[in-house]
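# Tertiary structure, described
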Amino acid sequence: MTNYLEKYKKLCAELTDATNKEEVKQHNKAMKKLAKLFYEVEKQEDKSFFMELLEDENPRTNTLVAAHCLGLGVYEKEAKSILKRNSKIKDNPTVAFNAETTLEVYRNQGYLKF
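Here we summarise the structure given alongside this text. (Residues numbered from 1 in each chain as written. Predicted model: local features only at pLDDT ≥ 70, side-chain atom pairs only at ≥ 80, totals over all residues. Heavy atoms only, no water.)

## A word on the state of the cysteines
Scanning the model with the defined rule gives zero disulfides in all. C12 forms no disulfide, and the closest cysteine sulfur to it belongs to C69, at a distance of 11 Å. Since its relative accessible area comes to 1%, C12 is described here as buried. (Disulfide = S-S within 2.5 Å. Buried < 20%, exposed > 50% of the residue type's maximum accessible area, 1.4 Å probe, protein only.)

## Remarks on the side chain of T63
Structurally, T63 can be placed in helix α4 (residues 59-72). Here the side chain of T63 touches P59 through a polar contact of 2.7 Å, landing on its backbone oxygen. With near-sequence residues (within four places) excluded, T63 lies in contact with I82, L83, N86, V95, N98 and A99. (Helix = DSSP H or I, 4+ residues; strand = E, 2+ residues; numbered from the N terminus. Polar contact = N/O pair within 3.5 Å; in protein donor to acceptor, adjacent residues only side chain to side chain. Contact = heavy atoms within 4.5 Å.)

## Overview of the packing of helix α1 (residues 4-13) against helix α2 (residues 21-42)
Here α1 crosses α2 at 160°, and the two axes come no closer than 10 Å. Taken together, the axes of α1 and α2 are roughly antiparallel relative to one another. Every pair of crossing elements has a handedness; the one defined by α1 and α2 is left-handed. Two secondary-structure elements touch here, α1 through Y4, K7, Y8, L11 and C12 and α2 through A30, K33, L34, L37, F38, E40 and V41. Counted by class, the contact of α1 with α2 contains nine nonpolar, no polar and three charged residues. (Axes fitted to C-alpha atoms, helices over the stretch in contact; angles between N-to-C directions. Parallel < 35°, antiparallel > 145°, perpendicular 65-115°, else oblique. Left-handed = near helix turned anticlockwise from the far one by under 90°. Nonpolar A, V, L, I, M, F, W, Y, C, P; charged D, E, K, R; others polar.)

## Remarks on helix α5 (residues 76-86)
Of all the residues in α5, the buried ones are A79, I82, L83 and N86. Buried residues in α5, looked at end-on, bunch into an arc of 95°, giving them a common side. The elements touched by buried residues of α5 are α3 (49-54), α4 and α6 (93-109). (Arc of directions from axis to C-beta.)

## A short note on the environment of K32
Relative to the assigned elements, K32 resides in helix α2. Taking the C-alpha atoms as reference points, K32 and Y75, separated by 43 residues in sequence, lie 23 Å from one another.

## Some remarks on the layout of surface pockets
Approximately 330 Å³ is the volume attributed to the largest pocket. The wall of the largest pocket is formed by 18 residues, among which M31, L64, A67, N98 and T102 lie closest to the centre. Among the elements that take part in the lining of the largest pocket, α4 stands out by supplying six residues, more than any other. Among the residues forming the lining of the largest pocket, the class breakdown is nine nonpolar, seven polar and two charged. (1 Å grid on protein atoms, 1.4 Å probe; cavity = no way out; pocket = protein on both sides within 12 Å on 5 of 7 lines; lining within 4 Å. Points joined across faces, edges and corners; volume = space filled by probe spheres on them.)

## Re the side chain of H27
Assignment of secondary structure puts H27 in helix α2. Residue H27 is classed as buried on the basis of its relative accessible area, which comes to 18%. From its side chain, H27 meets the backbone oxygen of T16 in a polar contact 3.1 Å long. Ignoring any residue separated from it by four or fewer positions in sequence, one finds H27 in contact with E14, L15, T16 and A18.

Dropping the structure here:
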């Protein structure tokens, strides 16, 4: 059985602010793998591991996971709460921007698609 919790944590740990060429490559590589993981998880019945990931102390991790939750239509209340909270992070403007933008797109469209 696949350990999605660990896969998400590992890949989210590889995400960066993408401020230079090396970071951009690393970030894009991790995002491609996370996109594949999203579609793999979409087929799974049990998505309860998302709750633990939403509570992860790494805001980059729980921001991305919140977006995936909204895209899958699971734990939407919790996901929106995480994104709202993370959009106000002052010491990490990249995460704050990602959270704010994700929430805005979700509000405007009513869904997220990956």
